Amino acid sequence: MLLDGKRLLITGVLTGASIAHAVARTAQEEGADIVLTGFGRAKAITERIAGRLPNPPDVLELDVTVPEHLDGVADELAQRWGRLDGFVHAIGFAPPSALGGGFLEAPWEDVATALHVSTYSFAAMGRAFAPLLAKTGGGSVVGLDFDASVAWPAYDWMGVAKAGLESTCRYLARDLGAQGTRVNLVAAGPLKTMAAKSIPGFADFDAAWARRAPLGWDVNDSEPVARTVCALLSDWMPAVTGEIVHADGGVHAMGADLR
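Please read these numbers as outputs of a predicted model, since none were measured by experiment.

Trainee: Quick question: what am I supposed to make of the pairing of strand β4 (residues 86–89) here?
Mentor: Side chains on a regular strand alternate between the two faces of the sheet. Neither face of β4 is exposed, since Gly86 and Val88 on one face and Phe87 and His89 on the opposite face are all buried. Sheet topology places strand β1 (residues 7–10) next to β4; three bridges connect them, and they run parallel. Residue leucine 9 lies in a different strand from β4, and its bridge partner there is phenylalanine 87. Where β4 meets strand β5 (residues 140–145), four bridges bridge the pair, whose relative direction is parallel. Each bridged residue has a counterpart across the sheet, and for histidine 89 the counterpart in β5 is glycine 143. In this fold, β4 hands off to helix α4 (residues 108–134), which returns the chain to β5; that crossover is right-handed.

Below you can see the structure in the form of structure tokens.
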């Protein structure tokens, strides 16, 4: 029971195919007590998906761009648990103009939305939940990433947002380290999630990724990524922070594909 007794907040459960859903299921199987978040009309969907988990958790209203929502969730968790052992940031969004090959044409307003939701929200959550994390001796914060060290076809401003997320991870690790909080990212390979389907041409990665990954890669299997997230949430990696752990079959380590 890797997470026995842990109390975790998990964002981003939108469908049964969501990486966050696999994380939630694995965390419960490893002994964690969890709550999920959703907002607006999508919250009802998250509640339905939550009902399929081994122990259906509560779903709290949270729009990460609204400071009052962050404060409200922090207050709710303080009353419910009095502490927080960790949270998972599985949040990303970019308007259509910021994806699909229109990198130079995307207006600032749309780019700003992508950066606010996908990047700044990581720091905003860290700030809001830091006091609750401190009460556990620090806890662990894990965000979901897609390797931002290179430019990907069609990923455009979301790629820039992920690069910002990677930098934010390092700065958040610096600022929360004094209270013992570990902050890390898991860079997943492509998976057939709702987020992936919203990116034109992203499906073209599937065959190429499976071909290049030395360990192979199944775009329908989120469990390897979920296990990695849960390992970082656990107490088994106490000296790891500011890190990007790749759960991608090894593609990030390979050079040109000459096969």
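From this point, the discussion proceeds with the structure in view.
Trainee: Sorry if this is basic, but what is going on with the pairing of β5 here?
Mentor: The element β5 is largely enclosed, with a buried count of six among its six residues. The two faces of β5 match: Ser140, Val142 and Leu144 on one face and Val141, Gly143 and Asp145 on the other face are all buried. Pairing geometry for β5 and strand β6 (residues 182–188), over six bridges, is parallel. Within the sheet, the bridge partner assigned to valine 141 lies in β6 and is valine 183. Read from β5 through helix α5 (residues 156–176) to β6, the crossover connection turns out right-handed.

Trainee: Is there a simple way to explain the packing of α4 against α5 in this structure?
Mentor: Helices that pack against each other are described as a pair by the angle of their axes relative to one another and the distance between those axes. Running from N to C, α4 and α5 point in directions that differ by 15°, and their axes come no closer than 9 Å. In terms of orientation, α4 and α5 fall into the roughly parallel class. Crossing of α4 over α5 shows right-handed handedness. Contact residues: α4 offers Val111, Ala114, Leu115, Ser118, Thr119, Phe122, Ala123, Gly126 and Ala130, while α5 offers Trp157, Met158, Ala161, Gly164, Leu165, Thr168, Cys169, Leu172 and Leu176. Across the contact of α4 with α5, the residue classes break down as 13 nonpolar, five polar and no charged.

Trainee: How should I be thinking about the pattern of salt bridges in this particular structure?
Mentor: Two side chains with opposite charge may pair up if their charged atoms get near one another. Counted according to the given criterion, the structure contains eight salt bridges. Residue aspartate 235 is joined to lysine 6 by a salt bridge in which the shortest nitrogen-to-oxygen separation is 2.8 Å. Pair noted here: aspartate 235 is in the loop between α8 (223–233) and β7 (243–247) and lysine 6 is in the segment before β1, with a separation of 229 residues, a long-range link. Residue classification places aspartate 235 among the exposed positions, given a relative accessible area of 53%. Here the salt bridges share partners, and the residues they tie into one network are Asp58, Glu76 and Arg80.

Trainee: What is the right way to read unusual backbone geometry from this model?
Mentor: Leaving glycine out, the prevailing phi sign among residues is negative, and the prevailing peptide bond configuration is trans. Positive phi outside glycine occurs at alanine 154, with the angle close to 75°. Following the sequence through the fold, alanine 154 ends up in the loop between β5 and α5. With a phi angle near 45°, aspartate 156 is a residue other than glycine that sits in the positive phi range. As for its placement among the helices and strands, aspartate 156 is situated in helix α5.

Conventions adopted
- Residues numbered from 1 in each chain as written.
- Predicted model: local features only at pLDDT ≥ 70, side-chain atom pairs only at ≥ 80, totals over all residues.
- Heavy atoms only, no water.
- Buried < 20%, exposed > 50% of the residue type's maximum accessible area, 1.4 Å probe, protein only.
- Helix = DSSP H or I, 4+ residues; strand = E, 2+ residues; numbered from the N terminus.
- Pairing = 2+ DSSP bridges.
- Right-handed = clockwise from strand over helix to strand, strands pointing away.
- Axes fitted to C-alpha atoms, helices over the stretch in contact; angles between N-to-C directions.
- Parallel < 35°, antiparallel > 145°, perpendicular 65-115°, else oblique.
- Left-handed = near helix turned anticlockwise from the far one by under 90°.
- Contact = heavy atoms within 4.5 Å.
- Nonpolar A, V, L, I, M, F, W, Y, C, P; charged D, E, K, R; others polar.
- Salt bridge = Lys/Arg side-chain N within 4 Å of Asp/Glu carboxyl O.

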